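In case you want the letters, here they are:
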Amino acid sequence: MPEGHTLHRLARRQQRLFGGRRVRVSSPQGRFADGAAAVDGMTFHAAEAWGKHLLHRYRDGRTERMVHIHLGLYGAFTELTAPLPEPVGQVRLRIESEETGTDLRGPTACELYHPTDLDALIARLGPDPLRRDADPERAWAAISRSSRPIGALLMDQKVIAGIGNVYRAEVLYRAGIDPMRPGNRLLRSEFDEMWHDLVALMKVGVRRGRIHVVRPEDDHGAPAYAANRPRTYVYRRAGEPCRICGTPVVLAELDARKLYWCPVCQT
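- Under an unreviewed UniProt entry, the name given to the protein is DNA-(apurinic or apyrimidinic site) lyase, and the organism recorded is Gordonia amicalis.
- Taken from UniProt, the Sequence similarities (unreviewed entry) comment for the protein reads in full: "Belongs to the FPG family."
- Among the UniProt annotations of the protein, the heading Cofactor (unreviewed entry) holds the following wording: "Zn(2+)".

This is how it looks when you write it as structure tokens:
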């Protein structure tokens, strides 16, 4: 599932492509036909991300409508050049301007949203490190009163929105924190360090379109876990030597997700 930086990058891209333009909106697959018809012909006003959620805003005079999208595991947008070809495959949503277009396939959610829906979404999400209005105090309050492992709390979208498995593993490594440590045993200074690190790392991800987490002085030695990927400290490096101390990276499961860490560097 895409992590939060991907959604913010996507929102910025779609704002550049469609912002301020009247667009044609359709659902070739048919599963979003009523929603597409409701915004068809309106001006694409804005695209924004909240954690792993994407929101499109459309306007026509004083009328505003919203479309909420969650890509899930399989959702993806494909950009096209006008004139757009006939849809291929199960296209849930097609947005088309005079110059360009995009097709959405396989999302977990693609639905019309009302203001009350948006309020409910925001209420159940923790602060998003990439949003200017993010309040880290909300995340600290949730973490500091919980006995759950910090590795689980960081993946809980109700605590912090937008973090996935890569950022979870890597920010804990960079902070030297054992992912199994209970949240209520985390120091405030440790939380502040992680939050600021998350903000910085995720902004890099937005700019580059890829997660970069290894500090320049450590960016050498064993290759990345997959071709054409930047190096990581621990993510998907189970059994391989830690880039700093040489201890084999540990793999475990936490809340049914793979968890990677160094038992020496993270205490």
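Let us keep going from here.
### Thoughts on a positive patch on the surface
Move 1: On the surface, Arg9, Arg12, Arg16, Arg132, Lys203, Arg207 and Arg208 cluster together to form a positively charged patch.
Move 2: For the positive patch, the secondary structure elements donating two or more residues are α1 (4-18) and α7 (188-208).
Move 3: Here Lys203 shows up in helix α7.
Move 4: Look at Lys203 and you get partly exposed, because its relative accessible area is 44%.

### Focus on the environment of Leu7
Move 1: For Leu7, the location among the structural elements is in helix α1.
Move 2: Between the alpha carbons of Leu7 and Ala37 there is a distance of 24 Å; along the sequence they are 30 residues apart.
Move 3: Other than its neighbours up to four places away in sequence, Leu7 contacts Pro2, Ala49, Gly51, Lys52, His53, Leu54 and Leu71.

### Some points on the nonpolar core
Move 1: By size, the foremost hydrophobic cluster in this structure holds 38 residues, and its most contacted members are Ile150, Leu154, Ile160, Leu186 and Met194.
Move 2: Put simply, the parts of the chain that give this core at least two residues each are α4 (136-144), α5 (150-153), α6 (165-175) and α7.
Move 3: Among the elements that line this core, the one with the most residues is α7, at eight residues.
Move 4: Setting aside residues no more than four positions away along its own chain, Leu154 makes contact with Ile160, Ile163, Arg168, Val171, Leu172 and Met194.
Move 5: Grouped together as the second largest cluster of nonpolar side chains are 24 residues, Ala36, Leu93, Ile95 and Leu104 included.

Analysis parameters
- Residues numbered from 1 in each chain as written.
- Predicted model: local features only at pLDDT ≥ 70, side-chain atom pairs only at ≥ 80, totals over all residues.
- Heavy atoms only, no water.
- UniProt positions renumbered as here; feature names shortened; annotations may be inferred.
- Patch = residues over 30% accessible without salt bridge, like charges linked within 9 Å, V, L, I, M, F, W, Y side chains within 5 Å.
- Areas by Shrake-Rupley, 256 points an atom, 1.4 Å probe, with all protein chains shown as cover.
- Salt bridge = Lys/Arg side-chain N within 4 Å of Asp/Glu carboxyl O.
- Lys, Arg positive; Asp, Glu negative; His and termini not counted.
- Charge placed at Lys NZ, Arg CZ, Asp CG, Glu CD.
- Helix = DSSP H or I, 4+ residues; strand = E, 2+ residues; numbered from the N terminus.
- Buried < 20%, exposed > 50% of the residue type's maximum accessible area, 1.4 Å probe, protein only.
- Contact = heavy atoms within 4.5 Å.
- Core = buried A, V, L, I, M, F, W, Y, C linked by side-chain atoms within 4.5 Å.

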